Amino acid sequence: MSLTLFMFGPGVPLVLGWMRYRTMGRNGVDAITLSVGSLSLLWLASVFLFHDAIGQDYTNLRFIVINANFVALLAAAVTSFSRPSPARWYAGGGCFLTALVWAYVGAVSAAV
């Protein structure tokens, strides 16, 4: 159960960020960072249904996908934290937590 919370815990700040985005004003930076975080989390969730969604085991494609998502989410988190906007803490926090989950997936993929 703790692994499930770790994997889907970043969804909570992202959902709160989308709610804040809709109610407090629409900012383009928030839309981009929330979209990057949400799509990456959905891609990560698809691995539970389709194991090869991020590439087959022991292939370069798998590590490219994991590292690209990690870097994109860190960039989105830094962008979100650096600009004043209504949903920046939710968007930045969700992106950062999702990046940590991708780092965990990368560590497990490298170790196994």
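Okay, so let's go over this structure. Everything quoted here is computed from the prediction, not taken from an experiment. (Residues numbered from 1 in each chain as written. Predicted model: local features only at pLDDT ≥ 70, side-chain atom pairs only at ≥ 80, totals over all residues. Heavy atoms only, no water.)

Here the focus is the side chain of Arg62. By the secondary structure assignment, Arg62 is in helix 4 (residues 60–82). With a relative accessible area of 7%, Arg62 lands in the buried category. Ignoring anything within four residues of it in the chain, the contact list for Arg62 reads His51, Ile54, Gly55, Gln56, Asp57 and Ser109. (Helix = DSSP H or I, 4+ residues; strand = E, 2+ residues; numbered from the N terminus. Buried < 20%, exposed > 50% of the residue type's maximum accessible area, 1.4 Å probe, protein only. Contact = heavy atoms within 4.5 Å.)

The next point concerns the packing of aromatic side chains. Tallying each qualifying case throughout the model produces four aromatic pairs. Ring centres of Trp18 and Tyr21 lie 5.6 Å apart, and the angle between their planes is 90 degrees; on these two criteria the pair is classed as edge-to-face. Taken as a pair, Trp18 and Tyr21 lie in helix 2 (residues 11–24) at a separation of three residues, close to a single helical turn. What makes Trp18 partly exposed here is its relative accessible area of 28%. Judged by centre distance (5.2 Å) and plane angle (50 degrees), the ring pair of Phe81 and Trp89 falls under tilted. The class for Trp89 is exposed, based on a relative accessible area of 58%. (Phe/Tyr/Trp six-rings, centres within 6.5 Å; stacked < 30°, edge-to-face > 60°.)

Now for the nonpolar core. The tendency in soluble globular proteins is for nonpolar side chains to be buried as a group. Judged by nonpolar contacts, the single largest core of 19 residues is most densely connected at Leu44, Ile54, Trp102 and Val105. Those elements that place two or more of their residues in this core are helix 2, helix 3 (28–49), helix 4 and helix 5 (88–111). Sorting elements by how many residues they give to this core places helix 5 first, with six residues. Leave out the neighbours within four places in its chain, and Val105 touches Met7, Leu44, Ile54 and Ile66. (Core = buried A, V, L, I, M, F, W, Y, C linked by side-chain atoms within 4.5 Å.)

Right, let's talk about the packing of helix 3 against helix 5 for a bit. Look at helix 3 against helix 5: their axes get within 9 Å of each other, and the N-to-C directions meet at 30 degrees. Considering the angle they form, helix 3 stands roughly parallel to helix 5. Viewed along their axes, helix 3 and helix 5 form a crossing whose handedness is left-handed. Contacts from Asp30, Thr33, Leu34, Gly37, Ser40, Leu41 and Leu44 in helix 3 reach Arg88, Ala91, Cys95, Thr98, Val101, Trp102 and Val105 in helix 5. Here the residues of the contact of helix 3 with helix 5 are counted per class, giving eight nonpolar, four polar and two charged. (Axes fitted to C-alpha atoms, helices over the stretch in contact; angles between N-to-C directions. Parallel < 35°, antiparallel > 145°, perpendicular 65-115°, else oblique. Left-handed = near helix turned anticlockwise from the far one by under 90°. Nonpolar A, V, L, I, M, F, W, Y, C, P; charged D, E, K, R; others polar.)

When you line up the elements, Ser40 lands in helix 3. Polar side-chain contacts of Ser40 include one of 2.7 Å to the side chain of Trp102. Once you skip the residues sitting within four places of it in the chain, Ser40 turns out to touch Asn69, Leu73, Thr98 and Trp102. (Polar contact = N/O pair within 3.5 Å; in protein donor to acceptor, adjacent residues only side chain to side chain.)

Time to look at helix 3. A rise of 1.5 Å per residue sets the reference length of helix 3, with its 22 residues, at 32 Å; its end C-alpha atoms lie 32 Å apart and thus fit the reference within 8%. Of the positions making up helix 3, those classed as buried are Val29, Asp30, Ala31, Thr33, Leu34, Gly37, Ser38, Ser40, Leu41 and Leu44. Where the residues of helix 3 are buried, they touch helix 1 (2–8), helix 2, helix 4 and helix 5. (Expected span 1.5 Å × (residues − 1).)

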